[in-house]
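# Inside the fold
Listed below, chain by chain, are the residues.
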Amino acid sequence: MARVLLACLVGKVPRGVILAYRALLDFIYLSQYPTHNNTTLECYMQQALKDFHHHKEVIINLGIRDNLNIPKFHSLQHYLENIRNFGTTDNYNTEMFERFHIDFCKEGWYASNGRNEKPQMITWLTRRENVASFQSYLQMTMEDEDEEFSHSRFQHQCIILPKRPHQIHHHIANIMLDHSCNGFKKELILYLNTQVDQPYSRAQLQDIDLPLSHIDIYHGFKFCLDSLGNDVDFDYEELDTVKAKPPMGTRIRHLKVIFHLPQQLYGSVHPVWTKEPLAYVEWYSPLKPAAEDYYEMYSVKKPLPSVVDVTDGVVMGMIN
C-alpha cells in the first residue's frame, strides 16, 4: 500500500502533507538497505527524518490528529544508532522467520496429505535440503557454470503464458469495447501488413479490412525473475505476474490486449504470420526531463487521440 499511497495523495492533500509523507516513505525504504555507509546514514536517512519532523506539524494543524506521540514515530530516531551497533535491519527483523515459516512449515504441510503430517513434512524438508546440497556440489565442480549448469526451470522462457487462452474466439469488436482500445483494429491491420511478402501502401490500407474477426486473448502472463538477472532459489522459482493493464517500458505504455493470431482461416487457409503471442499497447505522454519538485515523481497522461476516438498504440511481439 505504501508504494502507491504517495501517488494517490498527489493533488488531493496540501503540499505539506505530501512532503511529510514522502520524507517518511524515503526513510522507510532507506532503512531497508542491505548495506550502509556514512553517506546513506547521515546524508540520506538522517535528512529524510529531519524533513519528516520539519513538515509533520501540518498533520496537527489540519486537525487530522491532536498529536503525533506515537511509539513507532519515536522509534525512528533510534534507527541510525541501531544500524551502527547491530548492522542492517534485515539482520534482526521478523521477516526472515516469517519467510522460514512459509518455506519450512506451510510448503511442507501442502506437500503432505494432511494426516499425520509432521513425519511427512520432515521427510519432504530433508529431501529438499539434500537436493540443494547436491546442486551446490554440482556448482562447485562445474568448469563453466553458466553453460553446463543452470537451476532455472524456465531458462529459455522469459515470458510464460497459460497453456490455454482465457477467452477463446473472442470477437475483435468486443475486445475493443471491453479493453477500451479503439485503435486496436487499425494497429492490427498495420502489423499484419508487415508480415506479408508484398505489403500494401498506407493509402491502400485505408480500404482493406482484417482477414479475421476473432482471436484468442489472455488476461496476463508471468516472467521469471532469473531472466531479469535476479538471484533465485534452487527449489523455489519465484515468478512475477503482469496483468493486461500495467505500465511498461522506458516511455510508459499501457498493456491492453495479449492475444494469439489464428493459424487457420476460412477452414483450410494457413496464413504466414507469426505463431508467437502478440500484445497491443497504447502510449502515454512523454515523460518530462525531471520529476516534480515536491513529490519527486513523474506525471503522465493519456495522449490525445491521433484521429477520431483512436489513441496512439502499436501491436508488437512479446518474445523480442
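Residues numbered from 1 in each chain as written. Predicted model: local features only at pLDDT ≥ 70, side-chain atom pairs only at ≥ 80, totals over all residues. Heavy atoms only, no water.

This part covers the side chain of E187. For E187, the location among the structural elements is in helix α11 (residues 184-193). In this structure E187 comes out as buried when scored by relative accessible area, which is 9%. Within the structure, the side chain of E187 is placed 2.7 Å from the side chain of K186, a separation counted as a polar contact. Those residues in contact with E187 that sit more than four places away from it in its chain are Y280, G313, V314 and V315. (Helix = DSSP H or I, 4+ residues; strand = E, 2+ residues; numbered from the N terminus. Buried < 20%, exposed > 50% of the residue type's maximum accessible area, 1.4 Å probe, protein only. Polar contact = N/O pair within 3.5 Å; in protein donor to acceptor, adjacent residues only side chain to side chain. Contact = heavy atoms within 4.5 Å.)

In this structure, N116 is a non-glycine residue whose phi angle is positive, near 50°. Along the chain, N116 turns up in the loop between α7 (95-111) and α8 (117-141).

This part takes up the environment of Y294. With respect to the secondary-structure elements, Y294 resides in the loop between β8 (278-283) and β9 (313-317). For the pair Y294 and L19, spaced 275 residues apart in sequence, the C-alpha to C-alpha distance is 6.5 Å. Setting aside chain neighbours within four positions, we find Y294 in contact with V10, R15, I18, L19 and R22.

We now examine α11. The α-helix advances 3.6 residues per turn, and as a result positions three or four apart in sequence lie on the same side. Most of α11 sits inside the fold, with eight of its ten residues counted as buried. Turning to α11, its buried residues are F184, E187, L188, I189, L190, Y191, L192 and N193. In this fold, the buried residues of α11 make contact with α10 (172-178), α12 (202-205), β3 (214-218), β7 (253-260), β8 and β9.

Here we come to the packing of helix α3 (residues 38-55) against helix α6 (residues 79-86). Relative orientation of the contacting elements α3 and α6 amounts to 150°, with a least axis distance of 11 Å. Between α3 and α6, the crossing angle belongs to the class labelled roughly antiparallel. Here the hand of the crossing between α3 and α6 comes out right-handed. Of α6, the residues touching α3 (which contributes L41, E42, M45 and Q46) are Y79, L80, I83 and R84. Its residues assigned to classes, the contact of α3 with α6 shows five nonpolar, one polar and two charged. (Axes fitted to C-alpha atoms, helices over the stretch in contact; angles between N-to-C directions. Parallel < 35°, antiparallel > 145°, perpendicular 65-115°, else oblique. Left-handed = near helix turned anticlockwise from the far one by under 90°. Nonpolar A, V, L, I, M, F, W, Y, C, P; charged D, E, K, R; others polar.)

This part takes up the environment of D26. The topology assignment puts D26 in helix α2 (residues 15-31). The partly exposed category is assigned to D26, whose relative accessible area is 31%. With 18 residues separating them in the primary sequence, D26 and Y44 have C-alpha atoms 8.5 Å apart.

Bringing the pattern of salt bridges into the picture now. Here the structure, examined in full by the defined rule, presents five salt bridges. The salt bridge partner of R22 is E296, with a shortest N-O separation of 3.7 Å. Residue R22 is found in helix α2, and its partner E296 is found in the loop between β8 and β9; the two are separated by 274 residues along the sequence. One salt bridge connects R84 with E42, and the closest N-O pair in it is separated by 2.2 Å. Note that R84 is positioned in helix α6 and E42 in helix α3, a separation of 42 residues in sequence. What makes E42 partly exposed here is its relative accessible area of 40%. (Salt bridge = Lys/Arg side-chain N within 4 Å of Asp/Glu carboxyl O.)

What follows concerns the packing of α7 against α8. Following both chains from N to C, one finds α7 and α8 inclined at 110°, their axes separated by 9 Å at the closest point. Compared by their axis directions, α7 and α8 come out roughly perpendicular. Note that α7 runs across α8; the crossing there is right-handed. For the pair formed by α7 and α8, the contact residues are D103, F104, C105, E107, G108, W109 and A111 on the first element and E117, M121, W124, L125 and R128 on the second. Residues that form the contact of α7 with α8 fall into these classes: seven nonpolar, one polar and four charged.

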